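Summary of structural features
In case you want the letters, here they are:
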Amino acid sequence: MAGRGTPAIALLAQRKVDHRTHPYDVSPDEPNYGALVAAALAVTPHRVFKTLVTEVDGALTVAVVPVTGGLDLKALAAAVGGKRATLADRVVAERATGYVRGGISPLGQRRRLPTVLDVSALDHPTVYVSAGRRGLQVELAPTDLVTLTEARTAAVATG
């Protein structure tokens, strides 16, 4: 099965969570990367979510939002009881999660970070998130994603 060996896939297997992996071939440097990934997977872009590492009042926090829009930093800060949020530096994000840009998964991170999943994920029977490496998504129920990441759900997406 494609995707063996990533901490995200190992976590899903260990916890016996129903999931499917989906390989794709899109460069993370492409403009509109998320929409291209959704097209490559032949799914509506509203079901494909990106993982963004942020800093809220200096503490690293993960936001998982649809690829169709952006992240409302003020809403994210409010969701975790903070005042100010910014996107984390790429090197800091990679070091904290153990993943590289374009392959950061909300699952199986090196350090479990507080996570906020955009509430729109709950509108779908399954959602797609990075499986822990570039070119691989994992499809799972949003409720399983919430459970595994201990995520809060909140309206944090824009667009």
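What comes next is a walk through the structure.

As summarised here, the arrangement of the 5 strands in space is E5-E2-E3-E6-E9, forming an open sheet in which the pairing is mixed. Strands at the two margins of the open sheet, each flanked by one partner only, are strand E5 (85-87) and strand E9 (152-154). Averaged over all adjacent pairs, the angle separating strand axes in this sheet is 35 degrees, with direction ignored.

This next bit is on the pattern of salt bridges. Scanning the entire structure with this criterion turns up 5 salt bridges. The closest approach of N and O atoms between Arg101 and Asp29, which form a salt bridge, is 2.6 Å. Of the two residues, Arg101 is situated in the loop between helix H4 (90-97) and strand E6 (115-118) and Asp29 in the loop between strand E1 (19-23) and helix H2 (33-41); the sequence distance between them amounts to 72 residues. Using a relative accessible area of 59% as the deciding quantity, one classes Asp29 as exposed.

Let us now look at the side chain of His19. Among the structural elements, His19 can be located in strand E1. The exposure class assigned to His19 is buried, which follows from its relative accessible area of 17%. Of the polar contacts made by the side chain of His19, one reaches the backbone oxygen of Val17; its length is 2.7 Å.

Ordered in space as E1-E8-E7, the 3 strands form an open sheet in which the pairing is antiparallel. Either end of the sheet is taken by a strand with one partner, and the two such strands are E1 and strand E7 (127-133). Here the average twist between neighbouring strands, direction ignored, is 35 degrees. Bridging between E1 and strand E8 (residues 136-140) involves 5 bridges; their strand directions are antiparallel. Counted as the bridge partner of His22 is Gln137 from E8. Across the sheet, helix H1 (residues 7-14) touches E1, E7 and E8, and the angle it forms with E1 is around 160 degrees. Most of the contacts of helix H5 (residues 142-149) go to E8, to which it runs at about 105 degrees, and overall it touches E7 and E8.

Definitions and limits used
Residues numbered from 1 in each chain as written. Predicted model: local features only at pLDDT ≥ 70, side-chain atom pairs only at ≥ 80, totals over all residues. Heavy atoms only, no water. Pairing = 2+ DSSP bridges. Helix = DSSP H or I, 4+ residues; strand = E, 2+ residues; numbered from the N terminus. Axes fitted to C-alpha atoms, helices over the stretch in contact; angles between N-to-C directions. Salt bridge = Lys/Arg side-chain N within 4 Å of Asp/Glu carboxyl O. Buried < 20%, exposed > 50% of the residue type's maximum accessible area, 1.4 Å probe, protein only. Polar contact = N/O pair within 3.5 Å; in protein donor to acceptor, adjacent residues only side chain to side chain. Contact = heavy atoms within 4.5 Å.

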